[in-house]
Amino acid sequence: MVKREELREEMERQRDEITRQRNEIIESIQYASLIQTSLLPQKKLIDKVFPRNFVLYLPKNIVSGDFYWMVSRGRKAYFAVADCTGHGVPGALMSILGISFLNEIVTMHDNLPANRILNLLREMVMKALHQTGDSTEALDGMDISLCIYDQEKMILQYAGANHPIYIIRGEVVIEYKPDRMPIGVSGIEEQPFTNQYVELKKNDTLYLFTDGYVDQFGGSEGKKFKFDPFRTLLLKIARLPMKSQKKILLETFEKWKGEFIQVDDILVMGIKIP
Amino acid sequence: MKLLAFRIRNFRSIIDTGWHSLSSDDITGLIGQNESGKTSILEALSSFYDGKISEDTLRSDLSMPVVSCLFSVDDDNEITDILKEKLLPAGVIEQIRTDKSVSLEREWNEDLSSRILLGGEKVVALFNKHDEGVIAKNDRIEEAINRILQKKKDVIASFQQAENERLGIETRLNDAKATVNEISRSLKVKGKKDAEEKKKLQNQLAAAKNKVNEIKNLLNEKSQEVQKLNKAVQTVAGEARYAEMSKEAWREFEEIQREQNEVFGRLTNLQRLYDHALSEKERRAIQLEMDGVNDRYMKLLKEYEQTRERAIKRRLLAYKILEGLPPAAAEKETEREKPHINPFYTRLEAGSLIVEHIPEFVMFEDFSSLLPNRIDLDDILNGNAAIEGYKAARNFLEVAGLNEAFFRESNSRILKQKIEKLNRDLTLDFQDFWQQRIGRHNKITINFELEHYDNTHPDKSGFPYLEFWVKDRQERLYPKQRSRGVRWFLSFYLELKAAISRKDFKGKVLLIDEPGLSLHARAQEDVLKVFEHIKDKVQVIYTTHSPHLIDIKKLYRLLAVQRNIHDDENSETVVFDAKSLTSASADTLSPIYTLMGSRLSEQQFIQKKNNIILEDLTNYYYFSAFHALLGYPPEAFFLPATDVSNVQTLVNLLMGWGLDFIVVTDESPEGLKTYQDLKKNVYGNNDNKIREKVILMDGFQGVEDLFSTLDFKKHVLHQRIGIPESNSDFVRDNKLSRTLLASDFLKSIQEMKITDFDEETRENIENVFQAIVERLQA
């Protein structure tokens, strides 16, 4: 009897300990989330450059491996949407690295084209993670779509690491395809990223996104949402006010997900060209 | 103010040197063969300063010499402080401030007199514009004066005509009156007799009287017209009075001017006759006449000034009155404005004032400037420059701070003590200044003593003289007992020292023909060191044949002078500056060749053209590889300096050899320094000129940075690590061998094509090579 009693006490003690530890971890992650959020660009900065915009940001956990970033330099706005390997804490750590590196690059180098920024970002990530291309090492890194928008000339530079972007003009979705390689070491030797120049028009809508939305399982058959329906959805809503777009995207997502769990962090950024 | 550049025209063998800058570090050497015109350049500069030239300076076509010198203006107010009494035409001061320099021109006249003018193309244009304005104003005044005089003439003519007409009418009236009288008389006589006759006469009388009345009316009208015109004449005469006075004053002035020219002509004729007079008697007679003419000329000069002043003043007065100002007010205003004193400087006035502030130009001549053994004190104190060694001895006294009063000390013991102390001080000062040695341990000192002639010199007995000694550790000898080299050094020291010790020292340009001709090679090199030592205070321009007086690292200091032979009769001195030494003949450049030992261009390594100087061997490997990959330019010879700091030496060598070259440097601190040094020393701080020859790889700290990071990793490092820093920083921080990486790369390109490199690398390399091609083609 004594033994059972002791065992129960011990179990309770352990349960309490685990609860305490869990709470501590959650508290600390919640605090980390605050830090992560504060590193993301403030809404008023985005509003200043693009008065009509939305950001749909749904971390899977408290902290996210997805991040968005924006810096304004003179008449140019530099912005990106990225997805770091993993989610939760490891992804968040990588995202902080990404944000810091991007800030460093635009501070240290004037007028680098978008592809050169990605080249340099890759060098920094590889150096930070001590990647040498050895086949045994982890392939940590990030996917990203990086844009530079010249507000005066209305020209957009885009360079992408595995992330495409969409531009909706009138009734057409124009897709700009990324280079098929990540920021970080991969199976093939690094190649320079390519720069794409796009002449934008007033009221073009630009979408940057991570793959969380299209990869979400759901619907009646529990399948992935996929790119085609996503593109069709965007085309349908592109003319609506940005707030409504965000609402519809969120509602559509929730509806699709249904009872399934969220598989990844979700990030969609929509921008109406002023 | 410092002398920056010169231009010499029509001086001995020189037709026009064009502008040539002095070396930026104030030591400028002129090299060239004998008779090339080196010395003429020094003489021309000396003449610029003192205005003296001789007949044999003139060219055979008798075009008169003009020497122009450009001086630095260091302070914005420097020129306005000098030219503060009057005004300068609009824009002149601003131009001088923008240029930070001022140009002076000395022009000679046929009588070998000269004048200094403020020069410079833009400044002269501003003066001309101003003068045109003044002329236009004078023309306007003259026109107004002529107009009023014409008006007066016209009014008088009208008046005279009216008066004549009036007189005519008066005559007619008198005639009519006479007719009336005659008829009246007849009526009295004949009317009594014949009634019919009476009636007839009465009718005639009435008609005659009518006529008289008619003419009276006419006369009346005419008289009124005459009166009116008379008034008009009075008015216009008043107005024209001042105009006439002005005309009269100008006539007088022009008359004096004409007479002055005539007398001047007579004076020059007499001078010519005097110069060629065959006998003393003839000369005396001419002299006598010349004195008389000269007096007249001097008087005319004075009159010239007076009449000119009056004429200018009267013209302005007339103008003011014609403009409607009452005469009294106009006179007051004219007096206040002092129109006879031109408120603006002329180029001549400005030039003459500025020249007072330029550095002193001194020609240091070996032979007349050597220290004598002894010299009479009287000769020094009386300025007897013809005496041998006068200049050196005078310099000596100046350095020692001695004047007449010093030698008036009656107590000979005190005087001896003073001299002894001075000898000690001077020696110390000399050693301090003169750190070079002649002979390893053989420092020399200079002493002087005051002695008096004894009765072995009966004509000078008792007169004081100075005796000089030159001492070293071993012996005490008279200057003339020492070698010419030592004497030269001493005299040179005294010349410099004297100049610097002057209270009014305002800088000096020392012109030295063949310095230390008699010096040993090592001592000649010492001369160069002395130039270095004094260059902050004394600018030196020297001629030389000696390679020992050329610093191979500083060929930018040289101007090459040579004689271009057009035909048997005609030849002309031309000057090449450091940048264009390549155009000078091999003979002209022979001292440089001697210095270099052998002609590099005769070897395979360096060619006559298309040489590209690079910072070091690393650059050499990479550029050779890039050249092979690109396949252009067809001919390029890369020359590596041993280090970026030696690029300038290589530049000097190639300039010296007269070989064409361009330079490529990067933007590292050392590369930038080299670029700046070349710009300052070789290209006269001219951005355009250096850009023609030197390519600065903009934005690249090292040649490795021409590669994109990816290509550098792939083709040079053969690693996949992340390199966020620049390639050159990576190589340095990881202590990799630059040269080894570069040479391996060169070896590895056999199988490669330029398209194997990414766009960033290709663009960088192509940009640099495009710049090379452009410069080689230029």
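Numbering of residues starts from 1 in each chain and follows the order in which that chain's sequence is written. Each chain gets a letter, beginning with A, and each ligand a number, beginning with 1, in the order they are written. In keeping with the predicted nature of the model, local features appear solely for residues at pLDDT of at least 70, side-chain atom pairs appear and are counted solely at 80 or more, and the whole-chain, interface and lining totals rest on all residues. Side-chain measures were taken over the full set of non-hydrogen atoms in the model, leaving aside hydrogen atoms and water.

(A) Region of the structure containing the interface of chain A and chain B. Each partner contributes to the interface: chain A provides 19 residues, whereas chain B provides twelve residues. Overall, the association of chain A and chain B removes approximately 1300 Å² of surface from exposure, summing both partners, and the carbon and sulfur fraction of that is 52%. Values labelled buried area give the accessible surface lost by two parts on being combined, using a 1.4 Å probe and summing over both. By the criterion of area lost to chain B, the three top residues of chain A are Glu123, Lys127 and Glu189 of chain A, representing 40% of everything that side buries. Salt-bridge detection follows one rule: a side-chain nitrogen of Lys or Arg within 4 Å of a carboxyl oxygen of Asp or Glu. On inspection of chain A and its partner chain B, the count reaches four salt bridges. Between lysine 713 of chain B and glutamate 123 of chain A there is a salt bridge, and its shortest N-O distance comes to 2.7 Å. Each residue is assigned to one of three groups, with Ala, Val, Leu, Ile, Met, Phe, Trp, Tyr, Cys and Pro labelled nonpolar, Asp, Glu, Lys and Arg labelled charged, and all others, Gly among them, labelled polar. Among the residues forming the side of chain A that touches chain B, the class breakdown is six nonpolar, seven polar and six charged. What makes two residues a contact is simply this: any of their non-hydrogen atoms within 4.5 Å.

(B) Spatial organisation of helix H17 (residues 647–657) of chain B. Within H17 of chain B, ten of the eleven residues are buried, leaving the element largely enclosed by the surrounding structure. Once H17 of chain B finishes, glycine 658 of chain B follows within two positions and takes phi at roughly 70°, a positive value. Throughout this description, buried means an accessible area under 20% of the type-specific maximum (1.4 Å probe, protein chains only), exposed means over 50%, and partly exposed covers the range between. The numbering of helices and of strands both runs from the N terminus, where a helix is a DSSP run of H or I of at least 4 residues and a strand a run of E of at least 2.

(C) Focus on the pattern of salt bridges. Scanning the model with the defined rule gives 55 salt bridges over all chains in all. Here arginine 75 of chain A ties to aspartate 150 of chain A by a salt bridge, and the two come within 3.1 Å at their closest N and O atoms. Taken together, the residues arginine 75 of chain A in the loop between strand S2 (66–73) and strand S3 (76–84) and aspartate 150 of chain A in strand S4 (residues 142–150) connect sequence positions 75 residues apart. For arginine 75 of chain A, a relative accessible area of 35% gives the class partly exposed. A salt bridge links arginine 147 of chain B to glutamate 143 of chain B, with the shortest nitrogen-to-oxygen separation between them at 3.8 Å. Residue arginine 147 of chain B and its partner glutamate 143 of chain B are located together in helix H4 (residues 121–190), separated by four residues, close to a single helical turn. The exposure class of arginine 147 of chain B is exposed, given its relative accessible area of 53%.

(D) The arrangement of a negative patch on the surface in detail. Exposure above 30% relative accessible area and the absence of a salt bridge qualify a residue for a patch, where like charges join within 9 Å and nonpolar side chains (Val, Leu, Ile, Met, Phe, Trp, Tyr) within 5 Å. The method behind every accessible area is Shrake-Rupley, applied with a 1.4 Å probe, and residues are considered shielded solely by the protein chains displayed. Positive charges are assigned to Lys and Arg, negative charges to Asp and Glu, while His and the chain termini are left out of the count. One atom stands in for each charge, and that atom is NZ of Lys, CZ of Arg, CG of Asp or CD of Glu. Together, Asp74, Asp75, Asp76 and Asp81 of chain B give the surface a local cluster of negative charge. Assignment of secondary structure puts aspartate 76 of chain B in the loop between strand S5 (66–72) and helix H2 (78–82).

(E) Main features of the sheet that holds S4 of chain A. Residue and element names in this part refer to chain A. Strand pairing is assigned whenever DSSP identifies at least 2 bridges connecting the two strands. One open sheet accounts for five strands, arranged S2-S3-S4-S5-S8; its pairing is antiparallel. Bordering the open sheet on either side are S2 and strand S8 (196–199), each of which pairs with just one other strand. Taken pair by pair, the neighbouring strands of this sheet meet at an average axis angle of 15°, ignoring direction. As defined by bridge partners, S4 adjoins strand S5 (residues 155–161) across six bridges and the pair is classed as antiparallel. Following the sheet pairing, serine 145 is matched in S5 by glycine 160. Helix axes are fitted only over the stretch in contact, all axes being lines through C-alpha atoms; the angle between N-to-C directions runs from 0 to 180 degrees. Packing of helix H3 (residues 88–108) onto the sheet brings it into contact with S2, S3 and S4, and relative to S2 it is tilted by some 15°. Against the sheet, helix H4 (residues 114–128) contacts S3, S4 and S5, and its axis sits at roughly 145° relative to S4.

(F) Representation of the sheet that holds strand S12 (residues 266–272) of chain A. All names here are of chain A. The antiparallel open sheet is built from five strands, whose spatial order is S1-S12-S9-S6-S7. Two strands close off the open sheet at either side, each with one partner strand: strand S1 (53–58) and strand S7 (172–176). Shown here is a sheet whose adjacent strand axes are inclined to one another by a mean of 15°, direction ignored. Sheet analysis places strand S6 (residues 165–169) next to S7, joined by five bridges and oriented antiparallel. Paired with tyrosine 166 across the bridge in S7 is glutamate 175. Along the sheet, helix H5 (residues 227–237) contacts S6, S7, strand S9 (205–209) and S12; its crossing angle with S6, the most-contacted strand, is approximately 35°.

(G) Summary view of unusual backbone geometry. Residue and element names in this part refer to chain B. For the peptide bond that leads from tyrosine 632 to proline 633, omega is -5°, which places it in the cis range. Within the chain, arginine 12 stands out as a residue other than glycine whose phi angle is a positive 50°. Within the element layout of this structure, arginine 12 appears in the loop between strand S1 (3–11) and strand S2 (14–16). Classification of arginine 12 by relative accessible area gives partly exposed; the value is 27%.

(H) Structural view of the environment of proline 90 of chain A. Inspection of the secondary structure puts proline 90 of chain A in helix H3. Taking the relative accessible area as the measure of exposure, proline 90 of chain A reaches 54% and is therefore exposed.

(I) Structural context of the side chain of asparagine 115 of chain A. Residue and element names in this part refer to chain A. Residue position: asparagine 115 is located in helix H4. Residue class for asparagine 115 comes out buried when judged on its relative accessible area of 12%. A distance of 3.0 Å separates the side chain of asparagine 115 from the backbone oxygen of phenylalanine 193, its partner in a polar contact. If we ignore the near neighbours within four places in the chain, the residues touching asparagine 115 are Ala159, Phe193, Thr194 and Asn195. What qualifies as a polar contact is a pair of N or O atoms within 3.5 Å, subject to a donor-acceptor requirement within protein and to the restriction that residues adjacent in sequence count only when both atoms come from side chains.

(J) The pairing of S4 of chain A, seen in detail. Residues and elements named next belong to chain A. Most of S4 sits inside the fold, with nine of its nine residues counted as buried. Residues Met142, Ile144, Leu146, Ile148 and Asp150 line one face of S4 and the alternating positions Asp143, Ser145, Cys147 and Tyr149 line the opposite face, and both faces are buried. In terms of strand pairing, S3 meets S4 through nine bridges, oriented antiparallel. Residue pairing across strands places alanine 82 opposite isoleucine 144, the latter belonging to S4. Between S4 and S5, which pair antiparallel one after the other, the connecting turn spans four residues, and methionine 154 there sits at a positive phi close to 55°.

By themselves, these observations are geometric and do not establish any function.
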